[in-house]
Amino acid sequence: MSIFGEVPLAAPVAVFKLSADFREDQCPSKVNLGVGAYRTDECQPWVLPVVRKVEKMIADDHSLNHEYLPILGLPEFRSSASKIALGEDSPAIKDNRVGAVQCLGGTGALKIGAEFLRRWYNGTDNTKTPIYVSAPTWENHNAVFSNAGFEDIRPYKYWDAGKRGLDLTGFLGDLENAPDHSIIVLHACAHNPTGTDPTQDQWKQIADVMKQKNLFAFFDSAYQGFASGNLDKDAWSIRYFVSQGFELFCAQSFSKNFGLYNERVGNLTVVAKDQDNLNRVLSQMEKIVRITWSNPPSQGARLVAITLNTPELFAEWKDNVKTMADRVLLMRAQLKEKLKALGTPGTWEHITEQIGMFSFTGLNPKQVEFMIKEKHIYLMASGRINMCGLTSKNIDYVAESIHEAVTTVQ
Amino acid sequence: MSTSSVFDGAVFMPSEMKLIEDFKRDTHPDKVNLAGREYVGEHGHTTWLPLVRKIKQQIATDPTINPEYPPILGIPEFTRRATELALGKDSPAIVENRVFGVQTVGCTGAVRLGAELLKSWYCSSSSWSGPILLPSPCDDSLTGIFKAAGIEDVRHYRYWDAKSNEVCVENMVHDLENAPERCVVVLFASGHRPTGANLSQEDWKRVAEVMMKRRLFPFLLMSAQGLCSGSLEQDTWAVRHCVSLGLELLCAQSFSHSFGLYGERVGHLLCVLKQNMLAMQSQAEKLVQTLWSCPPMEGARVVATILSNPAHLVEWQEGMKAIAERCMLIRERLRERLRILGGPGRWDHIIKPGGLYCCFGLNAQQVEFLIQRKHIYLLPNGCLNVSAINSRNLDYVAESIHQAMNSRL
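All figures in this text were calculated on a predicted structure; none of them were measured in a lab.

Caption draft 1: Seen up close, the confidence of the model for chain B. Scored by pLDDT, chain B has a mean of 94; 99% of the residues are at 70 or more. Scoring the predicted complex yields pTM 0.96 and, for the interface, ipTM 0.95.

This is the structure in structure tokens:
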């Protein structure tokens, strides 16, 4: 009899199950609009040209040592990654109150941030401190914070299905009603899964309430550069909060904007009141990292650090990022045009108003089921599509299928 | 905005790396770092097999490599090879399909994932909190990992004996026999850190018997398979013995030392079960997503490439044997020097264990003396990494240890 005999089978993660079903589908016109990874117009994964270049440089560099990285990570990666988020001339950086921890992707950054906050944020036991995540949010947010020991994870109103946009009133209302010192997880840009971001003016209102209520800002920044094509524009919300005097965490992922999904390159940027606080925070984070993965992996961080710190490579990278962002913007524009041309009922402005990889189409679960079963077009039950799955070859088929779904399935 | 910080309550934590940082700052020309975690070659630096470098270059120029998210549990070819390495290709557990492996972020990641699995699922508990038994001595971080996973009741069993400078099996067996039934016991299959002290096969048979009698669950650590004795099979004998007895177990493996891939964090958690393998595997997937989502590819790709290719395999094994032999040679030379210097005591404990570590059983003052006065940095109890001893510093190290053991401090 096994000690683990009664362990139940865990439900598969929806997005991976979708991909698995897609892979098994034999239909030649099948389309995968599920997983969040960039694809070219040939529907292939894309190794950024600058990445290929730097990879070769690293492999040919015989002077590199193979030792463990420092526990907090590669110093030149950490500082350059934080500069990307906060801006080269960020006053907080000049004040020596910005630090960072190299982590295993965005997930790892959220993990370390969560583990720290549970231990040291507001008193020494934050298991009961409420964590607020947007409704809806990335499906793993809940699990990361819950596993870090937070018992009270609540939604804040975000997506208004009726008007297919941001429910700002609801959002601000929930913030106003949150217990003081609650922790709020904010998507820096290109909200996942809705693609709907607050405007600058709306961010100002959000920051105002958070300041009044002493709410802690924990930014999740997985798409910087990828959303608008412009790094600074995509980091506006984070920089605004810093300018308003917030102490904050920002979990950065370089999976999408460097196409380095498989090397797990992330950075947890910490903005503290002063250098003394920063040092104490980092010292505790070092301890947390030591008992989680001990030292982070070197390959991806080296690659990003070399790219960000070498002017010609940095320029090439920004160009590569713009290529990806532009293709997504093109697909958005074209999908909207085609739906309008087909006369598909409803408004489709949200397709171009939304930003980043994802779009909340507004399709209901029955319509989604129709798309998958009858048209072999795979999307999430929420109606979320990955714009990167659209290509010049399949966009007509997808537009026609959406039209059919909306007009024949209620 | 208020002028106080939300982090005011965070106290400063001195770094575990303080010893290494002190070494780096030390300007004494004869300084020696014997407290490092990596294998260093005769030149004092970490090394790579030329084979590893070649494969990394191949990977960097391979146009077919997919940059997308890997499977949550890692590269299947990697976990397959890592499992076979530990258990042997024909292991009944593999044949009966009751084993799964997870590619993890180093050995630490493997231990952390194992701890999380135990916490959530051991003994049908949704919140198992121990007891778990660790060998004494061991790294503080091991205790930290289990506690961070929520396993509060961490205890120790006697393992290394300061008087005899080796494992005292009697004490160990006694402590295991008196442990509550169903405890989890952490055991070093080989390459105990920090002492290097190992159990003989006869000792293992005794220990395994007690484990079965008391229904204790083995969580084996294997950080340098092939580097301790020079034989892959010998270093994993304990794991295979447990499996042959029908025990369920977890085994955390590291590929850092054996491939020189410290920076790439290549680890593996092996789970051998009696049944219900798919369910446990699905729960492991769920836990991985809360830790790091999916593992980094570079290092595991290198390892999988080498382990799947017969010619590479041979070259790799030869490289490892060379490392094991160098470590043994250093130990013998150290023993010789100490014998010649004429200090009291036997020195067999230096050469008996293989691998990276050995222990001199020094007290705190002696260790302090070596660090402060002789600029020789070593771990508590006088444990040290033998690979950092080379022809340039051997005499100095031997004389200093001799001095530490024979002066009135």
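Caption draft 2: How the structure looks around empty space enclosed by the protein. Residues and elements named next belong to chain B. Across all of its chains, the model carries six cavities of 30 Å³ or more by this definition. Of the voids in this model, the largest cavity is the one considered here, and its volume is about 500 Å³. The wall of the largest cavity is formed by 31 residues, among which C107, D139, R193, S223 and H257 lie closest to the centre. With four residues, helix α5 (residues 106-121) is the single largest residue contributor to the lining of the largest cavity. Looking at the lining of the largest cavity residue by residue, the classes come out as 13 nonpolar, 13 polar and five charged. Computed from the structure, the second largest cavity encloses a volume of approximately 380 Å³.

Caption draft 3: How the structure looks around the sheet that holds strand β10 (residues 266-272) of chain B. Residue and element names in this part refer to chain B. Strand order in the open sheet formed by seven strands is β2-β10-β9-β8-β7-β3-β4, with mixed pairing between adjacent strands. Two strands bound the open sheet, and with one partner strand each, they are β2 (99-105) and β4 (154-158). In this sheet, adjacent strand axes meet at a mean angle of 25° when their direction is disregarded. Pairing of β2 with β10 involves seven bridges; the strand directions are antiparallel. Bridging across to β10, V102 finds its partner in L269. Together, β7 (184-190) and β8 (217-222) form the strand contacts of helix α8 (residues 201-213), whose direction differs from that of β7 by roughly 160°.

Caption draft 4: Up close: the pairing of strand β8 (residues 216-221) of chain A. Residues and elements named next belong to chain A. β8 sits mainly inside the fold: six of its six residues count as buried. Residue alternation in β8 divides its side chains into two sets, F216, F218 and D220 and A217, F219 and S221, and both sets are buried. Where strand β7 (residues 183-187) and β8 come together, five bridges link them in parallel fashion. Bridge pairing in β8 links I184 to A217. As for the winding sense of the linkage, the β-α-β connection from β7 through helix α8 (residues 200-212) to β8 is right-handed.

Caption draft 5: Broad picture of the interface of chain A and chain B. Across the contact, 79 residues belong to chain A and 81 residues belong to chain B. Here chain A meets chain B over a buried area of about 7,000 Å², counting both sides, of which 56% is carbon and sulfur. Of all residues in chain A, F4, H66 and Y68 of chain A bury the most surface against chain B, accounting for 13% of the area lost on that side. Where chain A touches chain B, the interface holds two salt bridges. Put simply, chain A and chain B have 41 residue pairs in polar contact (both at pLDDT 80 or more) between them.

Caption draft 6: Molecular detail of the environment of F146 of chain B. Residues and elements named next belong to chain B. As for its placement among the helices and strands, F146 is situated in helix α6 (residues 140-148). On the accessibility criterion, F146 (1% relative accessible area) is buried. Sequence-wise, F146 and G109 are 37 residues apart; in three dimensions their C-alpha atoms are separated by 12 Å. Beyond its immediate chain neighbours, meaning those up to four positions away, F146 contacts V111, A115, I132, L134, I151, V154, V186 and F219.

Caption draft 7: Molecular detail of the UniProt feature "domain: Aminotransferase class I/classII large" (unreviewed entry) in chain A. With numbering aligned to this structure, UniProt lists the feature "domain: Aminotransferase class I/classII large" (unreviewed entry) at residues 29-402 of chain A. Regarding residues 29-402 of chain A, the helix share stands at 45% and the strand share at 15%, and the terminal C-alpha atoms are separated by 15 Å.

Caption draft 8: The pattern of salt bridges, seen in detail. Residue and element names in this part refer to chain A. If you walk through the whole model with that rule in mind, you get 45 salt bridges over all chains. A salt bridge links D174 to K157; its shortest N-O distance comes to 3.1 Å. Here the residue D174 occupies a position in helix α7 (residues 168-177), and K157 occupies one in strand β4 (residues 153-157), the gap between them amounting to 17 residues. The exposure class assigned to D174 is buried, which follows from its relative accessible area of 17%. Judged by relative accessible area, K157 falls into the partly exposed class, the value being 42%. Where K375 meets E404, a salt bridge forms, and the shortest distance between an N and an O atom there is 2.9 Å. Of the two residues, K375 is situated in the loop between α15 (365-373) and β12 (377-378) and E404 in helix α16 (residues 395-408); the sequence distance between them amounts to 29 residues. Given the relative accessible area of 16%, K375 is considered buried.

Parameters and conventions
- Residues numbered from 1 in each chain as written.
- Chains lettered and ligands numbered in written order.
- Predicted model: local features only at pLDDT ≥ 70, side-chain atom pairs only at ≥ 80, totals over all residues.
- Heavy atoms only, no water.
- pLDDT = per-residue confidence, 0-100.
- 1 Å grid on protein atoms, 1.4 Å probe; cavity = no way out; pocket = protein on both sides within 12 Å on 5 of 7 lines; lining within 4 Å.
- Points joined across faces, edges and corners; volume = space filled by probe spheres on them.
- Helix = DSSP H or I, 4+ residues; strand = E, 2+ residues; numbered from the N terminus.
- Nonpolar A, V, L, I, M, F, W, Y, C, P; charged D, E, K, R; others polar.
- Pairing = 2+ DSSP bridges.
- Axes fitted to C-alpha atoms, helices over the stretch in contact; angles between N-to-C directions.
- Contact = heavy atoms within 4.5 Å.
- Buried < 20%, exposed > 50% of the residue type's maximum accessible area, 1.4 Å probe, protein only.
- Right-handed = clockwise from strand over helix to strand, strands pointing away.
- Buried area = accessible area lost by both parts, 1.4 Å probe.
- Salt bridge = Lys/Arg side-chain N within 4 Å of Asp/Glu carboxyl O.
- Polar contact = N/O pair within 3.5 Å; in protein donor to acceptor, adjacent residues only side chain to side chain.
- UniProt positions renumbered as here; feature names shortened; annotations may be inferred.

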